[in-house]
Amino acid sequence: MAVLVTGGAGYIGSHAVAALQERGEEIVIVDNMQQGHRKALLGGKLYEGDLRDAAFMDTVFQENEIDAVIHFAANSLVGESMKDPGKYYHNNVFGTLCLLEKMNEYNVRKIVFSSTAATYGEPENVPIDEYDRTLPTNAYGETKLAMEKMMKWFDVAHNIKFVSLRYFNAAGAHESGKIGEDHSPETHLIPIVLQAALGQRPHISVFGEDYETADGTCIRDYIHVSDLADAHVLAVDRLRGGADSAVYNLGNGTGFSVKQVIEIARAVTGKEIPAVFEARRAGDPATLVASSDRARKELGWNPKRDKLEDIIKSAWSWHEANPNGYGDK
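An unreviewed UniProt entry lists the chain under the name UDP-glucose 4-epimerase, with Paenibacillus endophyticus as the source organism. In UniProt, the chain has this text filed under Catalytic activity (unreviewed entry): "UDP-alpha-D-glucose = UDP-alpha-D-galactose". What UniProt states about the chain under its Sequence similarities (unreviewed entry) heading is, verbatim, "Belongs to the NAD(P)-dependent epimerase/dehydratase family."

Right, dumping it as structure tokens:
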């Protein structure tokens, strides 16, 4: 039996494919390659196409014995989602609807979903747990929450069990050095800082230094991408074992400020990395940190790469060796 990984040529998806390959799983990948990279795939059978193409998805399900799905395929830029919400509803929500309908048609009853902490919006509590209010402040988070709710009702109606993994800031690169983070445009802090270290940016912009935090800059929870990949594999195991649907946060439970990230990156790279302080951006909460107690207890998830220095070291190894990313865009 095979695991279908949608969006498997993307950053987190490719690391999940690598984790599945390491344990000998049969892997089928669906990616429309808008954001993915063929060079990021260390294994598996790739089908290039779109979840919304019914005939294409029929081919995928008919040619493979699929028993579980890991669903990464989605647009994920917050700013873009606010300018073009229709794109996000069509790709993220309608794409997920098409996937769930095909799963039901072909009697595939297990799905692990790549969700986001953006489903919570402004946090009521720190750290955030799974029972906190979900009130997204952007269209991206709203579509991810809609996808979760859709899965809930497909479970009620069709017994399709799901695990939704809400995670925070993915970072780092695979220990082999073969795959890493290559987005265009890049919006994540750690790779942007490392681009400045490589001289590809004149400086790193720090938006706001007057937050109610120890050093005045925003605090975020960073998780190594391979730890995230491991959690997706554990979630597949849990569903295969007959568990009910569930939602889990994934985070280290420790926050790091923007200034801390820059200082550690300077130490790791040996580069100056100029920083320019600018005005706050609208909608940036001061602190976003996850409680992952439930995932640790029920999934048996235990992040192995939780030191920020190690996360940045792995990212730097990838970026230094691949200054132009995969070079395929």
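Here the narrative resumes.
**Side note on the domain arrangement of the chain**
Segmenting the chain into domains produces domain 1 (2-171 + 223-250) and domain 2 (189-220 + 253-321). On the domain 2 side, the residues contacting the 27 residues of domain 1 number 22 residues. Between domain 1 and domain 2, the buried area comes to about 2,200 Å², and carbon and sulfur atoms account for 63% of it. On the domain 1 side of the interface with domain 2, the three residues burying the most area are His224, Asp227 and Tyr248, jointly 24% of the side's total. Applying the counting rule to domain 1 against domain 2 returns four salt bridges. The shortest N-O distance in the salt bridge between Asp230 and Lys304 comes to 3.5 Å. The interface formed by domain 1 and domain 2 includes ten residue pairs in polar contact (both at pLDDT 80 or more). Of the residues forming the side of domain 1 that touches domain 2, the biggest block, seven residues, is contributed by helix 7 (residues 225-240). In terms of residue class, the side of domain 1 that touches domain 2 is built from 16 nonpolar, five polar and six charged.

Conventions used here
- Residues numbered from 1 in each chain as written.
- Predicted model: local features only at pLDDT ≥ 70, side-chain atom pairs only at ≥ 80, totals over all residues.
- Heavy atoms only, no water.
- UniProt positions renumbered as here; feature names shortened; annotations may be inferred.
- Domains from an automatic or database assignment.
- Contact = heavy atoms within 4.5 Å.
- Buried area = accessible area lost by both parts, 1.4 Å probe.
- Salt bridge = Lys/Arg side-chain N within 4 Å of Asp/Glu carboxyl O.
- Polar contact = N/O pair within 3.5 Å; in protein donor to acceptor, adjacent residues only side chain to side chain.
- Helix = DSSP H or I, 4+ residues; strand = E, 2+ residues; numbered from the N terminus.
- Nonpolar A, V, L, I, M, F, W, Y, C, P; charged D, E, K, R; others polar.

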